[in-house]
Amino acid sequence: MAPLLLLLLVGAAAASRGDREPVYRECVAGCQQMNCTGARLREFRAEQPLYMRLTGWACLDDCQYQCMWHTVSLYIKEGYPVPQFHGKWPFSRFLFFQEPASALASFLNCIANIWMLRRYRSTVPSSCPMYHTCLAFSMISINAWFWSTIFHTKDTAITEKMDYFCASSVILHSIYLCCMRTLGLRYPSLANVFGAVLVLLFACHVSYLTLGSFDYSYNMMANVSLGMVNLVWWLAWCMRRRSHQPYLWKCVLVVVLLQSLALLELLDFPPFLWVLDAHALWHFSTIPLPFLFFRYEVLGNLCRSIS
């Protein structure tokens, strides 16, 4: 159910206070000149653990990581607030995980969706009208959480875009799922046309953000707008059907919780123990929701005509 990734799409700023700091820039330039050329670079590569090399951690990344903590220590020593670097709080790296808590939370969300997908397939007959639509939504959600895990493991231009684009696909498919619930069983042709429009909209969205420089403001506004359409449509459908399907409270609860829990992002505090921040808390809080949503879908007895 898709307002789930709404605020994840806000995007990081191109620069933050920490990486604009002269002491940080001088530290990175000096480290790169000293350690990332010639014999020192070969020495770095020889000593670098295989798992770091395989996950794309380069000499420059290591310089930025070390200089980040050097700058943070100076800020704390002088009594200044902890700064962000490249749009992110400073995180203590664990093995090759750049943001360990958010990566773990994303992975657990992925596992939760896989678990409920298996239960859904074993419980609901494939002949049910909404079976394939719900199956596709589950697989799209799993894909989105997979890329969220990759993005929080190592932030690159590619993993960032895949995280954002896959999150957008979840919102759009949730809108399509709601369209199928409200119109598709009575007007399948209309639902198919609407689905084609959503696919075209997604293609245009990805093309715009890929062919030029990534427009974070547009990305945020586009997904917030789609998320609000998704929220209002689902709640309106649930309110209209509540007298016929008493278990719809599960669907309402999921929709409301997904929007409410996203507000955790507004806390935006430096990571506790340099690991747990508001973004990670938000991702951890959404782990139980796939269980509630797919229980609602199973209880919905999809073999009946639900309009």
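- An unreviewed UniProt entry lists the protein under the name Post-GPI attachment to proteins factor 3, with Pelobates cultripes given as the organism.
- Entered under Sequence similarities (unreviewed entry) in the UniProt record, the comment concerning the protein runs "Belongs to the PGAP3 family."

### Some details on helix α10 (residues 216-241)
Right, so step 1: If you check α10, its first and last C-alpha atoms are 37 Å apart, about what 26 residues at 1.5 Å a residue would give, namely 38 Å.
Right, so step 2: For α10, the complete set of buried residues consists of N219, A222, N223, L226, G227, N230, L231, W234, W237, C238 and R241.
Right, so step 3: The N-terminus of α10 is capped by D215, whose side-chain oxygen sits 3.3 Å from the backbone nitrogen of S217.

### Considering the nonpolar core
Nonpolar side chains in soluble globular proteins generally cluster together in the buried interior.
Right, so step 1: If you look at the biggest cluster of nonpolar residues, it comprises 45 residues, and the most contacted ones within it are Y120, Y131, L177, W234, C238 and F293.
Right, so step 2: Of all the secondary structure elements, the ones that give two or more residues to this core are α6 (100-123), α7 (131-153), α8 (157-184), α9 (188-211), α10, α11 (249-261) and α13 (289-299).
Right, so step 3: Sequence-distant contacts of Y131, that is, excluding residues within four places in its chain, are made with Y120, R121, V124, P125 and S126.

### As for the UniProt feature "transmembrane region" (unreviewed entry) in the protein
Right, so step 1: UniProt tags residues 100-117, 129-150, 162-179, 191-210, 216-235 and 247-266 as "transmembrane region" (unreviewed entry).
Right, so step 2: Split by type, residues 191-210 is 100% helix and 0% strand. Its first and last C-alpha atoms lie 28 Å apart.

### Points about the packing of aromatic side chains
Right, so step 1: The tally for this structure, following the rule as stated, stands at 16 aromatic pairs.
Right, so step 2: Plain terms: the ring middles of Y75 and Y80 are 6.1 Å apart, the flat faces sit at 65 degrees to each other, and that makes the pair edge-to-face.
Right, so step 3: Its relative accessible area of 48% is what places Y80 among the partly exposed residues.
Right, so step 4: On the numbers, 5.8 Å between centres and 20 degrees between planes, the contact of Y120 with Y131 is stacked. Linking Y120 in helix α6 with Y131 in helix α7, this pair joins segments that are 11 residues apart in sequence.
Right, so step 5: You can call Y120 buried: its relative accessible area is 1%.
Right, so step 6: Look at Y131 and you get buried, because its relative accessible area is 7%.
Right, so step 7: Among the aromatic residues, ring-to-ring pairing joins F151, Y164, F165, F214 and Y216 into one connected group.
Right, so step 8: Here the basic side chain of R93 rests over the ring of Y65, its NZ or CZ set 4.2 Å away from the ring centre.
Right, so step 9: Directly above the ring of W57 sits K154, whose terminal nitrogen or CZ lies 4.7 Å from the centroid.

Cut-offs and rules
Residues numbered from 1 in each chain as written. Predicted model: local features only at pLDDT ≥ 70, side-chain atom pairs only at ≥ 80, totals over all residues. Heavy atoms only, no water. UniProt positions renumbered as here; feature names shortened; annotations may be inferred. Helix = DSSP H or I, 4+ residues; strand = E, 2+ residues; numbered from the N terminus. Expected span 1.5 Å × (residues − 1). Buried < 20%, exposed > 50% of the residue type's maximum accessible area, 1.4 Å probe, protein only. Polar contact = N/O pair within 3.5 Å; in protein donor to acceptor, adjacent residues only side chain to side chain. Core = buried A, V, L, I, M, F, W, Y, C linked by side-chain atoms within 4.5 Å. Contact = heavy atoms within 4.5 Å. Phe/Tyr/Trp six-rings, centres within 6.5 Å; stacked < 30°, edge-to-face > 60°. Lys NZ or Arg CZ within 6 Å of the ring centre and 35° of its normal.

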